[in-house]
Every structure is written in C-alpha cells, then in structure tokens.
Amino acid sequence: MSLLQISEPGQARVKEKCGGRAVGIDLGTTNSLVAHVQEAAPRVLPDPAGRSLLPSVVHYAADGRVVVGAEAMALAPRFPRDTVASAKRFMGRAPEDSAAIRALTPYELVAETGPVVRFRVAGGRGVTPVEVSAEILRTLRARAEAALGGDLDGAVITVPAYFDDAQRQATKDAGRLAGLEVLRLLSEPTAAALAYGLDKRSEGTFAVFDLGGGTFDISVLRLTAGVFEVQAIGGDSALGGDDFDRALAARFLAELGLAGSRSEGQLRRVLDEARAARERLTAAAATTVRVARDDGSPWERPLGRDELEALIRPIVARTGPPCRRALKDAGLAPTDLDGVILVGGATRTPAVRAFVRELFGREPLADIDPDLVVALGAAVQADLLAGAGPRADVLLLDVIPLSLGLETMGGVVEKLIPRNSTIPCGAKQTFTTFADKQTGFDLHVVQGERELVAECRSLARFKLGGLPPLPAGMARAEITFLVDADGILRVSAREELSGQEAAIEVKPTYGLTDAEIERMLLDSFEHAEADVRARLLIGERIEADRILQATRQALAVDAALLAPGERDRIESAMAALLKARAGEDHTAIHEAVQALDQAGREFAGRRMNRSVAAAMTGRSIDELEGKG
C-alpha cells in the first residue's frame, strides 16, 4: 500500500529527497569493510557470518572461480601464487617500481607486463591489482546490497592521503569495474576525522596518524565553522604493518635455514604466522611461534614483545620524518595540536603508540576501533553526498601532495599548482611561442618540487596543433589545470588567436615509489639554491639566444641603416654575449644581454621608424584614424 503526503491548500511542499543507499568503503591493504549511516549513525555492515572485516585476499581457482576474503586466505598456503594479498601496495605502480615490495612475496609477474603489474594466477592468466581490488569491492557491494535490500546509489571509497594521481585513478577504475558509482575518493585521515565527529566542534587542529597494512599517512587538519581544511599531508605509500610482518618472517626463515631457498607454501605459512604473532603481542608480553615445515615437522620458538619492538623500531622510526615535515608545512608545533588520532590496524602495536606519544608529546586518541574508523567516516561522507545526512553544511577541503606544472624552454618547470593546494582547485597561465612559424605547442605535464624537468616525474604529454605560422611570441596558448575533488588532474589548452583546443585527463600508468616521494620533497629543500641558480642560468641563456638571433637577422636585412662604426660595436657586444653565454654565471649573461641591447638601440630605433613610415605612406589621416 502506498502512502500519500497530504497538505493544506497553498501549503504543499516539494518532497524532500529520500535517503539513498550510499555507502562508505575502506579498501585496505590487509582488510576491507563497508559501512552505511543508519538512524543518523554510521555502522559497519557485517557478512552473514557476522564478520565486519573482509580480508583483502583474492584466490583464483583453476576452474575459474574467484574466492574472496577469509576463505581465500585459508587457501593461500596451498596455492600461494594463485592467492593475491596486499594488492593495494601494487596499485598504480609499474613492475620496476615493485621490486622491493615483492622481496618476500610468492607472486610471479607475467613476463613483459608493460607499464602495469600483472600477477600470474591459475591457468596462466594475468590479473592486475585493479582487477584484484575490483573483486574485493564487488564482494563488499554484494554484502551492502544484501543488508540494505537493493542496488546501491553510490560509494565513497577511501584512499591514503599520499596516494598520487596514478594510484587514485587505479582505485577509481577498480570501483567502476566492480559496478560501483564512485561518488568521491576520500582521504583516509579526513574520513577518520569525520568518524570522530570532529565536524561537531566549532574549531580545532588535529593530526591524523594513519598506519595501515601497506601505507602510512600523516595529515594535519583544521576545522573552522564546519569546514575541514587539510593543512598539510605527508607519508609513505609503501610503509605499513606488512613491513613488520616481513621483518619477522625474514628472521624466522633465517632461523629455519631457508633465507635463500624456500617453497612458496613455506613462505606463506611463515608470513601468516608472523602476522598472527605480532597481533598476539598487542595484548600479551610473550607468545610462541609455531610453523609447519614442508615435510610436516613442527618448528617453534618463543617470541617476546621486547624482541619484536627491537626488530621493528627502525621501521616505525620511518614515520617520524613525514610527521615532522607535515607539522613544519602547516607552521605548527606539536603543542599547537588539539589532538592526535590513530588510524589503521598497525597502530594497535604498542611500539607504534609509544612512538606517537613521544613524537607528539601527548596521548593519542584511539576511542574508535582503528580498523573501523575510516569506513565509518566514509559512510558519513557518502550520506552527505547522497543528501540524506543532517550535516550537509560540512565542507571537506583536501590538498594535493606534490606540485603540478609544465615544461618550458630549456627544461625548466613552470609550476601552476603548488603542493598542499586545497582541492578541488585550478590554475590558468598563458604561454607563447619561441620560434617563428611554430604551428603547435608540445605540452609536457610534470609533478614534483624541483625546478628542472629532469628531476621531476612525467605525468603526460599532448600536443596543441593546427596553429597558423605566426612570428615568435604572437601565438598565445592559455593552459588550464583543474584538479577535481578526487585529486585527479585534467589539463586543457586553447590558442587565443585561432581558437584551437586540446585537452587530456592525466592517467599516468605507474605510481611513485616511496624513494621517489622522499627524494622529490627532500631534494627540493636540499637543492633549492642550486635549482634556482640553474633556472636563472637557463632563462638568461634562452634570452641570449633570442636577442642574438634577432640581431643577426636585423644586420642581414637592414645593413643599410647602420651608422659608421655601429656594426663593429654591435658585433663586439654579440661576441661578448656569446662568451658569457658559454659560462655558468647567469648575472654575467644578463649584463651582456643588456650591453647588446644598448649597443643596438639606435639601430633598432631607425628600423622601427622606417617600418612606421612605410606603413603610413599613401594613407590619409582619416584612414589612419579609422574614419575612412
């Protein structure tokens, strides 16, 4: 039976939009989960067995079946190559970027995989990290549709704040492949802040320390009048609890005498036991490690929390520099914070909590289960985007992790959008041609903090062509950079005179390694002075080439206008400029350019006067004033 809304005459109201079935999904390295806002509160949706966490593990069977979750994890020791775990660590990465991650994994990559990692599974099939993630998302989608009784209207999927453009795009592609409408990619630290209800506070500044299974993020967020603004971010997209487990597993394999040679099944059993032992030591001071050898014989040894903490201390310490850098970028000291929030299952480890306590000088907040907090926050954001939430006045402002720009003459980077810019954001800048009769612009989009293209990461190349062959400096291309709410970049170009347009959505095929991320940021500080000198030198050399070329052309075409002795003075100034250009002193080149300009100024004036006179010959005053 349908119900009708009845109103008094003249008082009818437009029916408000009903709450949709929008969900929040935490696509994690170790575990994934889905949540939905019910009765104004976010809740995690369990599977029929009552389990909230879905292990991010996918098994590909020989008969074509795909098994996801705990059942897949149980098959891993018997079918290690056909069972993929921690696929998130490979998202948006090229095979050559993944060598360190693969060090203690049983996976075999398909030969000649090209720019994308492909795991060889049963039947010789190659599957990408995007396809693996899509299977996990497809399972979570089915769980949510069964719990909510219908098709989903959309999903907010969380990503590490330090995921670059390639990794974000790969996550979005996985969502689409799973049949989800991706409403938004939301940074995990921002999702955690929403879950803690920080949007209910009038104001405050918080650090979110997010250490998951495979990624680490640190974000500094400021809340003012319902606006979440990310002040700074940092992290390492290849650092997490998996590294603790691998360090433990490497020690166990060495003690087993299998450091250099072991079966894939043995490796999987050791890794699984390392993880289980680490989790047991969260609450216990000591435990016993038990692993079955390939021949079925047992191997065991005691493991204390002190030994674990000594082993993982260098790994935990790697979270320190990004935290200090994020605080510096935000212009804050630890004492300026109103709180520090712990996110991610790896933050359960007592050594991690002790490190955070010492680093920030305060007890971190861990009231909400670190495994659930991100999904709960994503559900809040999904509810807001669906128009059903009571807190629609909350505004989330994330930032981009690395600067975006274009290559200009001489291999110099012109930064259009600096790092830590709030997204969504955009920028426009006009560029012109360097050479005569240039019929196009080759546009090279780069990402990084250095002044030279060679030290930055290439994102994309495209061409704006079909331009009229105009003199140098006449064609003018307006370049527009737009970064959407998901952090994905779109670049467009338009030549003002001809109206020619070109555009590209930047979808790089590989991601940044942790070493590249560290190098880009740290080198930008260490080499700042040298980079500026190099940029100035390149700029002055380009200007020198321009004025030398123009002067040679003028001497060849209008030699009759030269005064006695003037050619000698100009050629002497040209020789001095050529000599200065060959050196490394940008100031000397600049001074030589000015000297040549001065030497040829009167000659240039006579050339200009002749051109004006030629243009006016035979024309009346009225014609020149436009009255004819």
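Every chain begins its residue count from 1, and numbering advances along the sequence as written. This being a predicted model, a pLDDT of at least 70 is required before a residue's local features are given, and a value of 80 or more before pairs of side-chain atoms are given or counted; all residues contribute to the totals for chains, interfaces and linings. Hydrogens and water molecules were not included; the side-chain quantities draw on all heavy atoms of the structure.

Student: Can you break down the overall build of the protein chain residue by residue, with the values?
Tutor: Regarding its fold elements, the protein chain presents 16 helices and 27 strands. Here a residue-residue contact requires only that any non-hydrogen atoms of the pair lie within 4.5 Å. Restricting to contacts in the protein chain with at least 6 residues of sequence separation, those with at least 24 account for 66%. Computed with the Shrake-Rupley method and a 1.4 Å probe, the accessible areas treat only the protein chains shown as cover for residues. Accessible surface computed for the protein chain: about 28300 Å², of which carbon and sulfur atoms make up 52%. Only DSSP runs of H or I with at least four residues qualify as helices, and only runs of E with at least two residues qualify as strands; both kinds are numbered from the N terminus onward.

Student: If you had to explain helix H7 (residues 305-317) to someone new, which residues and values would you point to?
Tutor: Since the α-helix packs 3.6 residues into each turn, any two residues three or four apart lie on the same face. Multiplying one less than the number of residues by 1.5 Å gives the expected span of a helix. Over its 13 residues, H7 runs 17 Å from end to end, which matches the ideal 18 Å to within 8%, given 1.5 Å per residue. Consider a residue and the seven residues that end there alongside the seven that start there; fitting an axis to each set, the bend is the angle between those axes. Along H7, the largest kink reaches about 40° and is centred on Leu-311; proline Pro-314 follows within four residues of it. Against the buried residues of H7 lie helix H5 (241-256), helix H6 (264-280), strand S16 (298-304), helix H8 (320-330) and helix H9 (350-360).

Student: Outline the layout of surface pockets, listing residues and values.
Tutor: Buriedness of a pocket was judged along seven lines, with at least five required to meet protein on both sides within 12 Å; pockets are open sets of points on a 1 Å grid over the protein atoms alone, cavities are sets where a 1.4 Å probe fits but cannot get out, and lining residues have an atom within 4 Å of a point. Grid points are joined across faces, edges and corners, and a volume is the space filled by probe spheres set on the points. Its volume calculated, the largest pocket comes out at about 1300 Å³. In terms of lining residues, the largest pocket is bounded by 44 residues, among which Thr-433, Phe-434, Ala-472, Glu-543 and Arg-546 are the most central. For the lining of the largest pocket, the secondary-structure elements that each account for two or more residues are strand S19 (404-408), strand S20 (412-417), strand S22 (425-432), strand S23 (441-447), helix H12 (528-557), helix H14 (586-599) and helix H15 (601-616). With 13 residues, the single largest contributor to the lining of the largest pocket is H12.

Student: Give a description of the environment of Asp-371 that names residues and reports values.
Tutor: Relative to the elements of secondary structure, Asp-371 occurs in the loop between H9 and helix H10 (373-385). Placed 338 residues apart in sequence, Asp-371 and Leu-33 show a C-alpha to C-alpha distance of 8.9 Å. Apart from the residues lying within four places of it in its own chain, the contact partners of Asp-371 are Asp-26, Leu-33, Leu-53, Gly-344, Gly-345 and Arg-348. Pairs of N or O atoms are called polar contacts if they sit within 3.5 Å, as long as, within protein, a hydrogen donor faces a hydrogen acceptor (for residues adjacent in sequence, only side-chain-to-side-chain pairs). Within the structure, Asp-371 has its side chain in polar contact with the backbone nitrogen of Gly-345 (distance 3.5 Å). Of the polar contacts made by the side chain of Asp-371, one reaches the side chain of Arg-348; its length is 3.0 Å.

Student: Give a description of the pattern of salt bridges that names residues and reports values.
Tutor: Any carboxyl oxygen of Asp or Glu that lies within 4 Å of a side-chain nitrogen of Lys or Arg is treated as forming a salt bridge with it. This model, assessed by the stated rule, comprises 31 salt bridges. The salt bridge involving Glu-135 is made with Arg-138; its shortest N-O contact spans 3.1 Å. Placement of the pair is Glu-135 and Arg-138 together in helix H2 (residues 129-148), with a separation of three residues, close to one helical turn. Buried residues are those whose accessible area, probed at 1.4 Å on protein chains only, stays under 20% of the maximum for their type, while exposed residues exceed 50% and partly exposed ones sit between those limits. On the basis of relative accessibility, which here comes to 31%, the residue Arg-138 falls in the partly exposed class. Salt-bridge contacts for Asp-236 lead to Arg-318; the nearest nitrogen and oxygen are separated by 3.2 Å. Residue Asp-236 is found in strand S14 (residues 227-236), and its partner Arg-318 is found in the loop between H7 and H8; the two are separated by 82 residues along the sequence. For Arg-318, a relative accessible area of 35% translates into the label partly exposed. It is possible to trace a salt-bridge network through shared partners that takes in Arg-89, Asp-242, Asp-243, Asp-245, Arg-275 and Arg-278.

Student: Give me the nonpolar core: which residues, what numbers.
Tutor: Counting 45 residues, the largest nonpolar core has Phe-209, Ile-218, Phe-244, Phe-252, Leu-337 and Phe-360 as its most contacted members. Among the elements that make up this core, the one with the highest residue count is H5 (seven residues). Domains are outlined according to an automatic or database domain assignment. When we break this core down by domain, the ones giving at least three residues each are domain 1 (22-239 + 318-398) and domain 2 (241-315). Grouped together as the second largest cluster of nonpolar side chains are 41 residues, Leu-54, Val-57, Val-121 and Leu-180 included. In this description, a nonpolar core means a group of buried Ala, Val, Leu, Ile, Met, Phe, Trp, Tyr and Cys residues linked to one another through side-chain atoms lying within 4.5 Å.

Student: Can you break down the sheet that holds strand S6 (residues 66-68) residue by residue, with the values?
Tutor: Strands are treated as partners if at least two bridges between them are detected by DSSP. Pairing within the open sheet is antiparallel, and its three strands lie in the order S6-S5-S7. The open sheet has two edge strands with one neighbour each: S6 and strand S7 (83-85). When the angles between neighbouring strand axes are averaged without regard to direction, this sheet yields 20°. The pairing of strand S5 (residues 57-60) with S6 spans three bridges and is classified as antiparallel. When the bridges of S6 are listed, His-59 appears paired with Val-67. Axis definition: a line fitted to C-alpha atoms, limited for helices to the stretch in contact. Angles are taken between N-to-C directions and run from 0 to 180 degrees. Packing of H2 onto the sheet brings it into contact with S5, S6 and S7, and relative to S5 it is tilted by some 105°.

Student: Mind laying out the sheet that holds S20, listing which residues take part and the relevant values?
Tutor: Within a beta sheet, neighbouring strands are joined by backbone hydrogen bonds and run either parallel or antiparallel to one another. Pairing is antiparallel across the open sheet formed by four strands, whose spatial order is S20-S19-S23-S24. The strands lining the two open edges of the sheet, one partner per strand, are S20 and strand S24 (457-464). Averaged over all neighbouring strand pairs, the angle between strand axes comes to 30°, with direction disregarded. By the bridge criterion, five bridges tie S19 to S20 in an arrangement that is antiparallel. Bridge pairing in S20 links Leu-404 to Ile-417.

Student: Give me the pairing of strand S17 (residues 339-343): which residues, what numbers.
Tutor: A large share of S17 lies buried, amounting to five of its five residues. Of the two faces of S17, the one lined by Gly-339, Ile-341 and Val-343 and the one lined by Val-340 and Leu-342 are each fully buried. The sheet contact formed by strand S12 (residues 203-211) and S17 spans five bridges and is parallel. Residue pairing across strands places Asp-210 opposite Val-343, the latter belonging to S17.

Student: Pulling in residues and values, what's your account of empty space enclosed by the protein?
Tutor: Overall, the coordinates contain four cavities of 30 Å³ or more when judged by the stated rule. Size it by volume and the largest cavity reaches roughly 230 Å³. Lining of the largest cavity is provided by 17 residues; of these, Ala-85, Ser-86, Arg-268, Leu-271 and Arg-275 occupy positions nearest its centre. Of all the secondary-structure elements, those providing two or more residues to the lining of the largest cavity are H5 and H6.

Geometry only, nothing functional implied.
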